[in-house]
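An overview of the molecular structure
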Amino acid sequence: MKKMAVVLAAGLGKRMKSSLYKVLHPVCGKPMVSHVLDTVKKAGCERIVVVVGHGAEAVKAHLGNAAEFALQAEQLGTGHAVLQAKELLASEDGVTLVICGDTPLITPETAKAMIERHCRDRAAATVLTARMENPRGYGRIVRGPDGSVLRIVEEKDCSPQEAEIREVNTGTYCFDNRLLFEALEQVTNHNAQGEYYLTDVIGIFAAKSERISAFMLEDPAEAVGVNDRVALAEAERLMRKRINERHMLNGVTLIDPDSTYIEADVIIGQDTVIYPNTYLRGRTEIGPGCVIGPSADLTDTVVGRGTVLRYAVTDQAEIGEEVTVGPYAYLRPGTRLSRHVKVGHFVELKNAQIGENSKVPHLSYIGDAVVGVDVNIGCGAITANYDGYNKSVTEIGDGAFIGTNVNLIAPVKVGSGAYVVAGSTITQDVGENDLAIARTRQINKPGYAVKIRARAKAKSVRNNVSDSSEK
């Protein structure tokens, strides 16, 4: 049986009080609507239609060709929203999953199990429900004496007795696709909101004695919908807990899960240890046996087996096996470190390739550079890669030694085995195994320091006298 999905993403989201369209607000590094699309794809849905309204172009630009789109020009209710997909889906036979774009916590396992239940029961509709101690804000599930679902009542339309019901509608449904679009044509807006409710389809099916099933969530937290920043923070907390537990069950040690922030698409190998206050973002991938943190911040970074990063920030970097980074190092985009590289404290690398066994131990900036194997770069060395208009490359050959406080003015090449003396400013290429010295000759003047101090002291006295006379 063909499986389809309609994702409702047309609401304005006024309570978010944001210029960013609601379903594009991120939860654990990924927009809510992207989480929902991942869920329906993993549940086996072959066609996905996203109903857009406010912010339609932004949502389309973000999702690209990951879905088809239907426009709800006026927001007249959830039933009206689903009806906008009629032209795309009404002629299809199969099951349609309807889900809100602001419910990022519903899992693929739940969606798949719900679809399976719907098919097994041969139902016209299946409602995803949850039992909540505080059902405020949710539509209530009204069941018949035999336990069958009779209707869903929106909270504003509830009688006092219906308001006491604890089983609620989560806003996610499965429908027989053809029956869904036939029933939507019969939905009216005779209710407190003056809107066309998707929930009225359930009553229409019940009146026709169609089979209506329900699938209750084991974990009500999956039903959390995000309508304001408070709910957004709660969704972030719940998803972060879920992500952290998944990694721990897969063999990763989190010293303090409550202070470890791992986004949804991060991959971590077994026996890696993550220390507190660490942020792993985007498509970061960490190999096995690593030590990350404390206070590391990695974005879209690949880390090889057995590497250690402490108090480090990385962005779009590739780090090899058994590398040490930090403390207080910054690896910017384009940085690639080979095996056994050492990057020490207060080092910044940008678009730099560092060869195997090479060291940049401390207080250096290496930008737009290609560094060979077994190179030592001394404290305070920099590559001067920018002239105010253009970026230029520095090349350092295998086995070269770059002394303390050396300035390499790009474009420049230092040959293999070359030795650049501390304090040099290098503006010309250095050949293989050459020694380069580029500093003025030292001159010592015996006893001259006494004269300098006397001159400075006399000037200070004159200045003080002048200041006193002006007062």
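Summarised in this report is the structure supplied together with it.

Conventions we followed
- Residues numbered from 1 in each chain as written.
- Predicted model: local features only at pLDDT ≥ 70, side-chain atom pairs only at ≥ 80, totals over all residues.
- Heavy atoms only, no water.
- Buried < 20%, exposed > 50% of the residue type's maximum accessible area, 1.4 Å probe, protein only.
- Helix = DSSP H or I, 4+ residues; strand = E, 2+ residues; numbered from the N terminus.
- Pairing = 2+ DSSP bridges.
- Salt bridge = Lys/Arg side-chain N within 4 Å of Asp/Glu carboxyl O.

Attention shifts here to the pairing of strand β7 (residues 125-131). Taking burial as the measure, the seven residues of β7 include six buried ones, the bulk of the element. Here β7 runs beside strand β10 (residues 167-176); their pairing, made up of six bridges, is antiparallel. In the strand pairing of β10, A125 is matched with F175.

Here the structure, examined in full by the defined rule, presents 19 salt bridges. A salt bridge links D265 to K30, with the shortest nitrogen-to-oxygen separation between them at 3.0 Å. Of the two residues, D265 sits in the loop between β13 (260-262) and β14 (267-268) while K30 sits in strand β3 (residues 30-31), which places them 235 residues apart along the sequence. Taking the relative accessible area as the measure of exposure, D265 reaches 28% and is therefore partly exposed. The class for K30 is buried, based on a relative accessible area of 12%. Residues E155 and R140 are paired through a salt bridge, measuring 3.3 Å at the closest nitrogen-oxygen approach. Highlighted residues: E155 in the loop between β9 (149-153) and α6 (160-163) and R140 in strand β8 (residues 140-143), separated in sequence by 15 residues. The partly exposed category is assigned to E155, whose relative accessible area is 30%. Linked through salt bridges whose partners overlap, the residues forming this network are K2, R47, E68 and E92.

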